[in-house]
Amino acid sequence: MTRHIPEGLPDRIRHFIDGEFVDSVGGETFDVLDPVSNETYVQAAAGQKADIDRAVAAARRAFTEGSWPRMLPRERSRVLHRIADGVEAQDARLAELETFDTGLPITQALGQARRAAENFRFFADLIVAQADDTYKVPGRQVNYVNRKPIGVAGLITPWNTPFMLESWKLAPALATGNTVVLKPAEFTPLSASLWADIFREAGLPDGVFNLVNGLGEEAGDALVKHPDVPLISFTGESRTGQIIFGNAAPFLKGLSMELGGKSPAVVFADADLDAAVDATIFGVFSLNGERCTAGSRILVERSIYDEFVEKYAAQAKRVVVGDPHDPKTEVGALVHPEHYEKVMSYVEIGKAEGRLVAGGGRPEGFPTGNYVAPTVFADVPKDARIFQEEIFGPVVAITPFDSDAEALELANGVKYGLAAYIWTNDLKRAHNFAQAVEAGMVWLNSNNVRDLRTPFGGVKASGLGHEGGYRSIDFYTDQQAVHITLGAVHNPTFGKQEHHDETDPDDPDPR
Ligand code: NAD
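Residues numbered from 1 in each chain as written. Predicted model: local features only at pLDDT ≥ 70, side-chain atom pairs only at ≥ 80, totals over all residues. Heavy atoms only, no water.

**Q** Could you give an account of the UniProt feature "active site" (unreviewed entry) in the protein, naming the residues involved and the relevant values?
**A** In the numbering used here, UniProt assigns the feature "active site" (unreviewed entry) to Glu258. With respect to the helices and strands, Glu258 occurs in strand E11 (residues 254-258). Note on Glu258: relative accessible area 5%, which makes it buried. When near neighbours in sequence (up to four residues on either side) are disregarded, Glu258 contacts Phe234, Thr235, Gly236, Phe456, Gly457, Gly458, Ser462 and Glu467. (UniProt positions renumbered as here; feature names shortened; annotations may be inferred. Helix = DSSP H or I, 4+ residues; strand = E, 2+ residues; numbered from the N terminus. Buried < 20%, exposed > 50% of the residue type's maximum accessible area, 1.4 Å probe, protein only. Contact = heavy atoms within 4.5 Å.)

**Q** Which residues make up the UniProt feature "domain: Aldehyde dehydrogenase" (unreviewed entry) in the protein, and what values go with them?
**A** With numbering matched to this structure, UniProt assigns "domain: Aldehyde dehydrogenase" (unreviewed entry) to residues 21-482. Measuring from the first to the last C-alpha atom of residues 21-482 gives 42 Å, for a span that is 41% helix and 20% strand.

**Q** Any details on the sheet that holds strand E16 (residues 395-401)? Residues and values, ideally.
**A** Pairing is mixed in the open sheet, where seven strands are placed in the order E14-E15-E16-E13-E12-E18-E19. Looking along the sheet, the strands with just one partner apiece sit at the ends: strand E14 (355-358) and strand E19 (441-444). Within this sheet the neighbouring strands show an average axis-to-axis angle of 20°, counted without direction. The strands that helix H10 (residues 302-318) touches are strand E12 (264-267), strand E13 (297-301), E14, strand E15 (375-378) and E16; relative to E13, the one it contacts most, it runs at about 140°. (Pairing = 2+ DSSP bridges. Axes fitted to C-alpha atoms, helices over the stretch in contact; angles between N-to-C directions.)

**Q** I'd like to hear about helix H9 (residues 273-285), residue by residue, with values.
**A** In this model H9 runs 18 Å from its N-terminal to its C-terminal C-alpha over 13 residues, within 8% of the 18 Å that 1.5 Å per residue would give. The complete set of buried residues in H9 reads Leu273, Ala276, Val277, Ala279, Thr280, Ile281, Gly283, Val284 and Phe285. The opening residue of H9 is Asp272, an N-cap whose side-chain oxygen sits 3.3 Å from the backbone nitrogen of Asp274. Leu287 sits one or two residues past H9 and shows a positive phi near 50°. (Expected span 1.5 Å × (residues − 1). Polar contact = N/O pair within 3.5 Å; in protein donor to acceptor, adjacent residues only side chain to side chain.)

**Q** Give a detailed account of the pattern of salt bridges, specifying residues and quantitative values.
**A** Within the structure shown, the criterion is met by 27 salt bridges. By sharing partners, the salt bridges in this structure join Asp11, Arg12, Arg14 and Asp23 into a single network. (Salt bridge = Lys/Arg side-chain N within 4 Å of Asp/Glu carboxyl O.)

**Q** Could you give an account of the pairing of strand E4 (residues 40-45), naming the residues involved and the relevant values?
**A** Alignment of strand E3 (residues 29-33) against E4, held across five bridges, turns out to be antiparallel. Across the sheet, the residue bridging to Phe30 is Ala44, located in E4.

**Q** Explain the nonpolar core residue by residue, including any values.
**A** Ile83, Phe120, Leu170, Leu174, Trp195 and Phe209 are the most contacted members of the largest nonpolar core, which has 56 residues in total. Sorting elements by how many residues they give to this core places helix H4 (residues 106-129) first, with nine residues. Leave out the neighbours within four places in its chain, and Leu174 touches Trp68, Arg76, Leu80, Phe120, Val180, Phe199, Leu204 and Val208. Among the nonpolar cores identified, the runner-up in size contains 43 residues, and Trp168, Val267, Val300 and Trp423 belong to it. (Core = buried A, V, L, I, M, F, W, Y, C linked by side-chain atoms within 4.5 Å.)

Okay, structure coming up:
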């Protein structure tokens, strides 16, 4: 296979601090690989505490002295729309770089680039429509909410759909007038640098956006522990979320966490079987299975179980694995050899835990690169590791059930609670099941199609708090309550009485 290498790759990936591309203060770097050859194609600056200090100082200055937090929402909105224009104008280039760096199929990377633009457009519109609460107490008080940006927001993002997930945090953080330090994932730092030029051309003032590349345990850790960063928005593994939670605790930081998942797709016998097969194939094999909301456990009612498994396995075998840059490719290469090893180890574990009906290893014709054949295990028991643990690759577990109650118990029987997909044409069952399932987001007879206004977030080990629409605005702002007295001052008066006994006989409740 000929390897596609984009033209004009940078000779070094740098940080972007206070309007300038810079190396690490101490000159540290790390290797960046592409997932098709697993060869190092570039060095990236490895941010340390000193680099985070520099970036936070720039962001802090831009917040306390700069124009961005003080602009009218309409002015900020114009800049955000220009950012969206900038992303759209280079969506093909963005997709090419993202595909090269992550191994995501090019058509899906293009969709993600457009979604990134949409995130900016959405928040550009939202902040000009934003109204805050006012409460009247007739004749006595008016109270209003004075919404304010908080300061320097620390944004820490994962490697699956990196550019899109960065936009998800950058857009609301900037829209609300904060300044930011972004720490992208170390497996996939290539596309994040594009923000710098897009932002500059759109008119974002220097120091408002700062980017520090580097490892989680170094740059990420320093950002979480920086006293001048009151907010951390994190997307990544649940285990990392726990570490960040602990490290942020002494500072009582605001935290928003989007974490791992092991989401169920529940298929009842009365469902439209063909639609359910199509959707559940897409649900776990799109984005190479490296998708937090992947429907990686499929629960199927016993009476249609055999038919479902047969159709599903046959279709999974037809999913096109290929060069990520080929528009015909449906599953590309996994992001990194370390992640590939992890996913392959689960494929081996699965062979002892379930019945392999498709895939099961490296696809034929791909001797190198991080390729995994779409892999399907049937008859997977609920205590199996491949049922319980997030694999984050093109691997799915199918399990039969006999009753609604058993389906619910299986669906809820994992530590995660991000998404759930339910396939049934019975209206009552659909709603009762949706309301009982432990998941932050539920789709009924649908794939993962999300309106940007809806809350996004998980329950249990899948997250903390919700973003999406106004909830993101709430996370990135303080809501100060201002109380104004209208009538006479209504004060209980202390300290004007003559001295007398400690207990007042007129006070009915002398506590
Ligand atoms: P990860 O937790 O390994 O890393 C995420 C980010 O955290 C990276 O930038 C990393 O450098 C940084 N990091 C690591 N250790 C850190 C530390 N001690 N302090 C500060 N930062 C640190 O996750 P990943 O492997 O990059 O991403 C895959 C995971 O992300 C999966 O579990 C997936 O489900 C989850 N995810 C969740 C959502 C969601 O919205 N719920 C979306 C996408 C991905």
